[in-house]
Each structure stands twice: as structure tokens, then as C-alpha cells.
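Here are the chains, one letter per residue:
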Amino acid sequence: MSDPTADQMKSFNQQVIDEFRANDGVVTGQFAGAPLLLLTTTGARSGRQHTTPVVHGRDGEDIYIIASKAGAPTNPAWFHNLVANPEVTVELPGETFTATAVVADEDRRARLYAQTVEQMPGVGEYQAKTTRVIPVVGLERTRS
């Protein structure tokens, strides 16, 4: 099967978003049982809000996400958006908060990526499929 088109991905993501919101974070399909969050970024060029379902990990109380794009040669659009505009909104089951996205330095990235591979071995295949270093991003809650 060929790679999905942008419209197909947008439609798929919207179905996951709708199911997540309707069922307090519980989804079916390929993300069933995965630690999922909804990440809302501000478009780097458009300035529009974009929400994307993203699998996340925890490092103590900290939440992090991996910009794997399933091992594609380029980073996902949401990564470019949060680098340009690091203030994001995070939706977890029963909780929504604002956060600052911080790209992990080399040491933290290596540790968190390895931790994720232990928990979700399929993630390890993504790095093997690409020459780029897959970024890891911490989501630091905004303190009011």
C-alpha cells in the first residue's frame, strides 16, 4: 500500500481526535491502549491552530513526545510548528493545559528515546528507517 495522502491523514487524525474527545481519551484502532494525547500547535506560516494525536511518554512527572513521523525522512509538521511557536495546548484524558515545548538536548533525547523503545519496541524501527535524528520534545506545563 502506498503512503497516505495529506487529505487521508487529516481525515484519519480528525477521527482519532473526535473519538479521543468523545470517550475521555479512549480510542480504538491502531492507537487502542497507547498513551495518547492531543497536541495543539500554532502554524509556523499560517498562524492557525492545528491539533494532532500524538503518542507520549512520561519521565517522572514530565511528559514528552517523539517527532518520529514513522521514520519518514522529514519531521512532522507539528514539530516545525512548535519550534516556531513553542506555546502549545495539551489534552490528556480529563485534563487540558498549556505548555512550552522544549526540544531535548542530545543526552536527554538519547535517554528518552531508548526508554520509549523499551516500552514500545516499534518506535526503534523508526530511527532505523531514516538518516535524520528523530527529535524528542518535552512539554513543560505553563505555570500561572
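Structure's up top.
The model shown is predicted, which means the values in this text are computed figures rather than measured ones. (Residues numbered from 1 in each chain as written. Predicted model: local features only at pLDDT ≥ 70, side-chain atom pairs only at ≥ 80, totals over all residues. Heavy atoms only, no water.)

You can see Asn81 is positioned in helix α2 (residues 77-84). Within the structure, the side chain of Asn81 is placed 3.3 Å from the side chain of Thr41, a separation counted as a polar contact. Leaving out residues up to four positions away in the same chain, Asn81 has contacts with Thr41, Thr42, Gly43, Ala44 and His50. (Helix = DSSP H or I, 4+ residues; strand = E, 2+ residues; numbered from the N terminus. Polar contact = N/O pair within 3.5 Å; in protein donor to acceptor, adjacent residues only side chain to side chain. Contact = heavy atoms within 4.5 Å.)

With that settled, the discussion passes to the pattern of salt bridges. Applying the stated criterion across every chain yields a total of five salt bridges. The salt bridge involving Arg21 is made with Glu91; its shortest N-O contact spans 2.7 Å. A residue pair is termed long-range when its members are at least 10 positions apart, and Arg21 in helix α1 (residues 6-22) and Glu91 in strand β4 (residues 87-92) qualify at 70 residues. Under the relative-accessibility criterion, Arg21 is labelled partly exposed at 45%. For Glu91, a relative accessible area of 12% gives the class buried. Across the salt bridge formed by Arg111 and Asp59, the nearest N and O atoms sit 2.9 Å from each other. Taken as a pair, Arg111 in helix α3 (residues 106-119) and Asp59 in strand β2 (residues 49-59) lie far apart in primary sequence, 52 residues in all. Judged by its relative accessible area of 42%, Arg111 is partly exposed. A cluster of three or more residues bridged by salt bridges with shared partners is formed by Asp59, Asp62, Arg108 and Arg111. (Salt bridge = Lys/Arg side-chain N within 4 Å of Asp/Glu carboxyl O. Buried < 20%, exposed > 50% of the residue type's maximum accessible area, 1.4 Å probe, protein only.)

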